[in-house]
Amino acid sequence: MGGGAVGRLWWGAWLYVGAVVAAAVLVIALGPFGPVHWAQVAALGLLLVVSESTATVLQTRSLAWSATSISSLAAVVLTGPVGGALVACCTLLGVRRGPSLAQRLFNTGMYALSAYLAGRAYLLLGGHVGTPQPSSFPGIIGPFAGAGLVHVLVNFALLRGVLWLTKEPGSGGRVGLDFKLLVTDLGYGAFGLLTASLWQVLGPFAPVLVLIPLLVARWAVGQFAEQQRAYEATVSALCQAVETKDFYTRGHSERVSRGSVMIAGEIGMRAERVEAIRFAGMLHDVGKLGVPTSVLQKSGSLTDDEYAAIQLHPMRGLDIVREIGFLDEALAGIMHHHERIDGRGYPMGLAGDEIPEFARVLAVADAFDAMTSTRSYRGARPVLEAVAELRKWAGRQFDPAFVDAFVAAIERDGWTTPQAASAGADDPLTAPADGPGTVLADEGALAPAAEGAPEDPAGPLRPIESL
Ligand SMILES: [Fe+2]
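Nothing here was measured: the structure is a model prediction, and the numbers come from that model.

Engineer: Residues and numbers for the overall build of the chain, please.
Structural biologist: When helices and strands are tallied, the chain shows 18 helices and three strands. Counting the 467 residues in the chain, one finds 51% classified as buried. Accessible area of the chain: about 20,800 Å², with a carbon and sulfur share of 64%.

So, in structure tokens, the structure goes:
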């Protein structure tokens, strides 16, 4: 249990690591060696080496999580604080790529100190060292819970220190050390008491029996995480391909994805579907890969043939990603994101509820981002104006419920246009493009939409702002 640091160190951090390791050595050297049972230390040390060797690397790549506290807390109960610290020292023997010698030393010192202090807390709270008997329960639970808490807190405090000193980009000394991890650590710690209690019956086989289901569970979770990373990479690669081809839409997919998730959250879509619509937003224009680059990057008006080529992109998109199983409902969104509520969209001319929900959500986010970002044929329009346009075309081009949801979400959370993002402004509602101190309130007071808005329903079937 507990996070292990994997970052690079400078001299200040070296001092810190040195102090942690020295403190660990000191407590072990000064500790009472009398009641330590070496067979138990060896068996639990082996369990710890296996746990450490199968550590899970967290998202930030600067932290790893392993179930090592099961062994050291079991050792605390069976052989006392120094026994716990000695078992924790086996961290150094963990077989795992990643941590350098300095990092291993730090992790070892950190776990040893955590275990030692947990052991002191256990004794202080009235816990007895030795194999727990049936009569030890429930009295042992309180001291053991206290020990588990101290272990987690010392582990996190020391780790936070090293993260603060190394300040890896992206970690900021905070990432990965969240409340959920702390609770998970505490939960895993309970296996320590289980291991210690089973010792009476199973002896050194107790750790093995505890370890097997844990390793299976860890393996399964690891597979899932690996799969998620593969999904992300697939979607990002496709997204990148589209944006390389059509550089005017850089970041567009990301923003449509964000907008769609905002709408989905606002209407209370369940988590799996929100995840699916996030992918749909990223990939909605993947079909542009099948549209000639000269047409995508053309700055003048398009001929009918060129429009026709562009109008093929939803179908082409479907062809490209159809076989990607995990996209599932996102496929319908990709294929129909240019349909209109009044049936004048493409490629199928579906109307109203015939249009898949994902597509209706995407249409709103897509048009909004297209309006508020610079395109080859025109400049960006202000957020307020774009909102007015959405409202104006609600019921004809857009689903009014999703326009309302989107506007409500923007009013609450704001929206960062690409221009505001590059100017470093966080809140688009106060960005210069919208005028000072503008708020999304009175639609009637808004400037009228630009003349000849491409959304004009009287015109021929053509792409609406967004291509
Ligand atoms: Fe599109």
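Engineer: Can you tell me about unusual backbone geometry, naming the residues and giving the values?
Structural biologist: In this structure, the amide linkage connecting Phe137 to the following residue, Pro138, adopts the cis form with an omega of 0°. Of note, the amide linkage connecting Tyr346 to Pro347 takes the cis form, showing an omega dihedral of 10°. Along the chain, Pro347 turns up in the loop between helix H14 (330-336) and helix H15 (357-372). Even without being glycine, Asp328 reaches a positive phi, approximately 45°. Turning to its location among the elements, Asp328 is positioned in the loop between helix H13 (313-321) and H14.

Engineer: Which residues make up the side chain of Thr108, and what values do they have?
Structural biologist: Within the fold, Thr108 resides in helix H5 (residues 101-124). If sequence neighbours within four positions are ignored, Thr108 has contacts with Ala88, Cys89, Thr91 and Leu92.

Engineer: Help me get a handle on the packing of helix H2 (residues 38-53) against helix H4 (residues 81-88), residues and values and all.
Structural biologist: Where H2 contacts H4, the axes come no closer than 8 Å and their chain directions differ by 40°. When the interaxial angle is binned, H2 and H4 end up oblique. The way H2 lies across H4 gives a crossing that is right-handed. Residue-level inspection shows Trp38, Val41, Leu44, Gly45 and Leu48 of H2 in contact with H4, the latter providing Gly83, Leu86, Val87 and Ala88. Of the residues assigned to the contact of H2 with H4, the class counts are seven nonpolar, two polar and no charged.

Engineer: Would you mind going over the pattern of salt bridges in detail, with residue names and values included?
Structural biologist: Side chains that carry opposite charge are capable of pairing whenever their charged atoms lie near each other. Evaluated as defined, the whole model comprises 19 salt bridges. With its nearest N and O atoms 3.7 Å apart, the salt bridge here joins Glu389 to Arg381. By relative accessible area, Glu389 is classed as buried at 2%.

Engineer: Any chance you could break down the environment of Met348 for me, citing the residues and the numbers?
Structural biologist: Mapped onto the elements of the fold, Met348 is located in the loop between H14 and H15. C-alpha separation for the pair Met348 and His336, spaced twelve residues apart in sequence, amounts to 7.7 Å. When neighbours within four sequence positions are excluded, Met348 is seen to be in contact with Met335, His336 and Glu339.

Engineer: I'd love a proper account of helix H9 (residues 252-266), names of residues and values included.
Structural biologist: The terminal C-alpha atoms of H9 lie 21 Å apart, and with 15 residues this matches the ideal 21 Å at 1.5 Å per residue to within 8%. Listing the buried residues of H9 in full gives His252, Ser253, Arg255, Val256, Ser257, Gly259, Ser260, Met262, Ile263 and Ala264. Among the residues trailing H9, Gly268 stands out with phi positive, at a value near 75°.

Engineer: Go over the packing of aromatic side chains, please, and point to the residues and values.
Structural biologist: All chains considered together, the criterion is met by seven aromatic pairs. Aromatic side chains Phe368 and Trp415 sit 5.4 Å apart centroid to centroid with 80° between the ring planes, which places their arrangement in the edge-to-face category. One end of the pair, Phe368, is in helix H15; the other, Trp415, is in the loop between helix H17 (400-413) and helix H18 (418-422), with 47 residues separating them in the sequence. In this structure Phe368 comes out as buried when scored by relative accessible area, which is 0%. Its relative accessible area of 0% is what places Trp415 among the buried residues. An aromatic cluster of at least three residues, connected via ring pairs, comprises Tyr231, Phe279 and Phe326. The residue whose ring lies beneath Arg278 is Phe279, and the NZ or CZ to ring-centre distance is 5.1 Å.

Engineer: Please give an account of the packing of H15 against H17 that cites residues and values.
Structural biologist: Where H15 contacts H17, the axes come no closer than 10 Å and their chain directions differ by 50°. Put simply, H15 runs oblique to H17. The two elements H15 and H17 meet at a crossing, and its hand is right-handed. Contact residues: Glu357, Arg360, Val361, Val364, Ala365 and Phe368 in H15; Phe402, Val403, Phe406 and Ile410 in H17.

Scoring rules and cut-offs
Residues numbered from 1 in each chain as written. Predicted model: local features only at pLDDT ≥ 70, side-chain atom pairs only at ≥ 80, totals over all residues. Heavy atoms only, no water. Helix = DSSP H or I, 4+ residues; strand = E, 2+ residues; numbered from the N terminus. Buried < 20%, exposed > 50% of the residue type's maximum accessible area, 1.4 Å probe, protein only. Areas by Shrake-Rupley, 256 points an atom, 1.4 Å probe, with all protein chains shown as cover. Contact = heavy atoms within 4.5 Å. Axes fitted to C-alpha atoms, helices over the stretch in contact; angles between N-to-C directions. Parallel < 35°, antiparallel > 145°, perpendicular 65-115°, else oblique. Left-handed = near helix turned anticlockwise from the far one by under 90°. Nonpolar A, V, L, I, M, F, W, Y, C, P; charged D, E, K, R; others polar. Salt bridge = Lys/Arg side-chain N within 4 Å of Asp/Glu carboxyl O. Expected span 1.5 Å × (residues − 1). Phe/Tyr/Trp six-rings, centres within 6.5 Å; stacked < 30°, edge-to-face > 60°. Lys NZ or Arg CZ within 6 Å of the ring centre and 35° of its normal.

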